[in-house]
Amino acid sequence: MARVVVVSNRVAVPSSDGGVRAGGLEVVLRSFLKRNQGVWFGWSGRTVAKGEEKVRTVEQGGVTYITTDLSRIDHQEYYNGFANRMLWPILHYRLDLAEFSSRDMAGYLRVNELFADRLKKFLKPDDIIWVHDYHLLPLAKALRERGVENKIGFFLHIPFPPPELLTCLPKHERVILGLCHYDLVGFQTDGDADNFAHYLTKECLMPSRDSRTFIAGTRMVRLGAFPVGIEMTEFERLGRRTSRLAFAREVVSSLADRTMIIGVDRLDYSKGLGLRMRAFEHFLSEHPRWRGAVTYLQITPRSRSDIREYAEMERRISETVGRVNGRYGEASWTPIRYVNRPYSRSVLAGLYRSSRAALVTPLRDGMNLVAKEYVAAQDAEDPGVLILSRFAGAAVECQAALLVNPYDQEAVAAAIHEALSMPLDERRARHGALIKVLSENDVKHWGERFVTTLTQPAGAPSAPLQPIDNSATYLAAAE
Ligand code: ADQ
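In this report, the structure presented in the accompanying data block is examined. Numbering of residues starts from 1 in every chain and runs along the sequence as written. Under the rules for a predicted model, residues below a pLDDT of 70 receive no local features and side-chain atom pairs below 80 are neither given nor counted, while totals for whole chains, interfaces and linings still include all residues. The side-chain values count all of the structure's non-hydrogen atoms but skip hydrogen atoms and water molecules.

By definition, any uninterrupted DSSP run of H or I lasting at least four residues is a helix, any uninterrupted run of E lasting at least two residues is a strand, and each is numbered from the N terminus. Across its full length, the protein chain carries 17 helices and 16 strands. Here the C-alpha atoms of the protein chain give a radius of gyration of 23 Å, agreeing with the 23 Å that 2.2 N^0.38 yields for 479 residues. Counting only C-alpha atoms and orienting by the principal axes, one finds that the protein chain spans roughly 70 × 45 × 40 Å. Only protein chains enter the accessibility calculation, which uses a 1.4 Å probe. A residue is then buried if its area is under 20% of the maximum for its type, exposed if over 50%, and partly exposed in between. Here the protein chain, with 479 residues, has 58% of them falling under the buried criterion. With the radius of gyration taken over C-alpha atoms, the globule rule is written as 2.2 Å times the number of residues to the power 0.38.

As a further point, take the pattern of salt bridges. Salt bridges are defined by distance alone: a side-chain nitrogen of Lys or Arg within 4 Å of a carboxyl oxygen of Asp or Glu. Inspection of the entire model under this criterion finds 36 salt bridges. A salt bridge links Arg219 to Glu149, with the shortest nitrogen-to-oxygen separation between them at 3.9 Å. Note that Arg219 is positioned in strand S10 (residues 219-225) and Glu149 in the loop between helix H4 (139-145) and strand S6 (152-155), a separation of 70 residues in sequence. As a salt-bridge pair, Asp190 and Arg212 come within 3.2 Å of each other at their nearest N and O atoms. Of this pair, Asp190 sits in helix H7 (residues 190-203) while Arg212 sits in the loop between strand S8 (208-210) and strand S9 (213-216), and the two are 22 residues apart along the sequence. Here the residues in one salt-bridge network are Lys50, Asp74, Glu77, Arg103 and Arg110, joined through shared partners.

A few words on the nonpolar core. We define a nonpolar core as any set of buried Ala, Val, Leu, Ile, Met, Phe, Trp, Tyr and Cys residues linked to one another through side-chain atoms lying within 4.5 Å. Residues Val7 and Phe115 are the most contacted members of the largest nonpolar core, which totals 97 residues. Of the residues forming this core, the biggest block, nine residues, is contributed by helix H2 (residues 72-91). In this structure, Val7 is in contact with Phe41, Phe115, Leu119, Ile129, Trp130, Val131, His132, Leu136 and Leu139, ignoring residues within four places of it in sequence. Formed by 62 residues, the second largest nonpolar core is a distinct cluster that contains Val28, Tyr65, Leu369 and Leu388. Throughout, a contact is declared for two residues whenever any of their heavy atoms are within 4.5 Å.

Here, strands pair whenever DSSP counts at least two bridges between them. Pairing is parallel in the open sheet, where six strands are placed in the order S13-S12-S11-S14-S15-S16. At either margin of the open sheet sits one strand with a lone partner, and together these are strand S13 (336-339) and strand S16 (402-404). Neighbour-to-neighbour, the strand axes of this sheet turn through a mean angle of 20°, independent of strand direction. Across the face of the sheet, helix H10 (residues 273-286) comes into contact with strand S11 (259-264), strand S12 (294-299), S13 and strand S14 (357-360) while running at roughly 175° to S12. Between N-to-C directions, angles span 0 to 180 degrees; the directions come from axes that are lines fitted to C-alpha atoms, helices contributing only their stretch in contact.

Once that is clear, we can look at the site of the ligand. Near, as used in this document, describes a residue that has one of its heavy atoms within 4 Å of the molecule or strand being considered. Inspection of the region around the ligand gives 27 residues, with His157, Tyr343, Asp365, Leu369 and Glu373 positioned closest. Between the ligand and the protein, one listed contact pairs an oxygen atom with a side-chain N or O atom of Gln188 at 3.0 Å. With respect to the ligand, the side chain of Arg266 contributes an N or O atom lying 2.9 Å from an oxygen atom. For every accessible area listed, the method is Shrake-Rupley and the probe measures 1.4 Å; residues are considered covered only by the protein chains on display. Protein contact buries 96% of the 710 Å² of open area that the ligand shows by itself. Mapped onto the shell around the ligand, the elements with two or more residues apiece are helix H1 (24-35), helix H12 (345-353) and helix H13 (369-377). Taken together, the residues that form the shell around the ligand break down as 16 nonpolar, six polar and five charged. Polar contacts here mean pairs of N or O atoms no more than 3.5 Å apart (in protein, one a potential hydrogen donor and the other a potential acceptor; neighbouring residues in sequence count only if both atoms are side-chain atoms). Under this grouping Gly is polar, as are all residues other than the nonpolar Ala, Val, Leu, Ile, Met, Phe, Trp, Tyr, Cys and Pro and the charged Asp, Glu, Lys and Arg.

With that settled, the discussion passes to H7. An α-helix turns once every 3.6 residues. As a result, residues three or four positions apart point the same way. When the terminal C-alpha atoms of H7 are compared, their 19 Å separation across 14 residues agrees well with the 20 Å that a helix rising 1.5 Å per residue should span. Listed in full, the buried residues belonging to H7 are Asp192, Ala193, Asn195, Phe196, Ala197, Tyr199 and Leu200. On its buried face, H7 sits against helix H5 (163-166), helix H6 (172-176), strand S7 (184-187), S9 and S10. The span you would expect from a helix comes to 1.5 Å times its residue count less one.

Moving on: the side chain of Arg118. Inspection of the secondary structure assignment puts Arg118 in helix H3 (residues 102-120). The buried charged residue Arg118 lacks any salt bridge partner; its closest oppositely charged side chain belongs to Glu53, at an N-O distance of 4.5 Å. Neither His nor the chain termini are counted; the positive set is Lys and Arg, and the negative set is Asp and Glu.

Looking now at the sheet that holds strand S4 (residues 63-71). Taking strand neighbours across the sheet as the criterion, the 10 strands line up as S3-S4-S2-S1-S5-S6-S7-S10-S9-S8 in an open arrangement whose pairing is mixed. Both edges of this open sheet fall to strand S3 (55-60) and S8, since each of them pairs with a single strand only. Strand-to-strand twist in this sheet, taken as the mean axis angle between neighbours without regard to direction, amounts to 20°. Taken together, the seven bridges between strand S2 (residues 39-48) and S4 define a ladder with parallel strand orientation.

Let's shift gears to the packing of H13 against helix H15 (residues 424-439). The interhelical angle for the contact between H13 and H15, taken along N-to-C directions, is 115°, at an axis separation of 10 Å. Between H13 and H15 lies a crossing of left-handed hand. Between H13, through Lys372, Val375 and Ala376, and H15, the contact on the second element is made entirely by His431, Leu434, Ile435 and Leu438. Considered class by class, the residues forming the contact of H13 with H15 number five nonpolar, one polar and one charged. In a left-handed crossing the near helix is turned counterclockwise from the far helix by less than a right angle, and in a right-handed crossing that turn is clockwise.

Shown next, in the form of structure tokens:
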């Protein structure tokens, strides 16, 4: 079996302090590498003065971690700038928040080249390279230009919007068309894969062999949907064990027999936190009998705080929490408990299991692992109810959840009421249906399916691999 070299912006080298960081990508890659011992390459998380960047290699538990530092300017332009102020909002359908800068785009392309230079030194001819997420869209192109002919796959953890939105990105072809240098490009849902296929067909007039195989010059690129799963049995076990542990018990006893609703999200505008809190406020206003009887716990570790939009959002959400608590709270009851810190997976599992409902209402989300973790951690005899945004990738599998439009506060408030009043047999039926679907797509299957598809031959092309007019022009423009 060939070695798998995983590449992502950030590498989570296991730390001696056992610190927790909230982030879906790290969770799934850690679990993939636990089973498929290989190499994990990416940024160390350290920024240093230009010229002082170091590359380090650490072996642990059969995995080789190779990390590189970034200079402060590279980090600013590539990560804070182009990746997080341009690509993240556009790919989450938020044109209003996207800020384009040619300088940041140049920094983004430069860091991808730098990653390619540093990674190439460690590659063996039969390595399978698996690149992750929007920070590294052009990495395969940079590697190919350095003569790397290995199988290279790419997986996008976040949504991929339709071409009408994508083409608002100035010089989009320089970044997006770089994806055609991969052998396989994976998305969370078929809808995301369709959007990329439409971009290649309509915008780039690229020839295709079928709806999922495109002919890009002399290369062939395949697309596919590979919805990310979670470690189902592990979360089930954690939920069973930890709801009995001291911390979860302490939280439950502090509720004084009130029902708990939970929300767990990184602090990000894509998660729809402000609208969610206003929907909860609407619920309290419409259903006075629940006042004093339900507590909504929102666990939200800060992320990307040095980006202006994030700092502003943090302030607005704190204001909303203050307003709702001031308006409806009592000396003996706080409607919304809002905490900005990460917790271990076992504590989260215990809290999920102790909550009658989960509010997972992102405005747009690639998948959303919290939705799946909540379901897995429930007690099958007395399960809680998942309220899930129809705009999360997880909604495709989680049809048995209460699906809502997160922009519709009345509908979300009504779903909260429905969840809290739902009879036990309906809760069990919905939970059973969710567990069945999610167990069929455990994270283990996800990694295996992707790597197996990547290593399969694409089959002989039915048409010769010749670029035709427009695609050739486009690929040249993308140089
Ligand atoms: P994220 O946007 O980070 O992931 P999500 O899928 O919900 O979002 O994953 C968050 C992870 O962090 C979960 O495993 C959760 O348990 C953990 N987490 C959240 N809050 C935490 C806290 N307070 N303490 C500790 N852990 C916490 C990106 C995409 C998603 C996609 C994933 C995986 O944006 O759409 O599902 O990658 O592909």
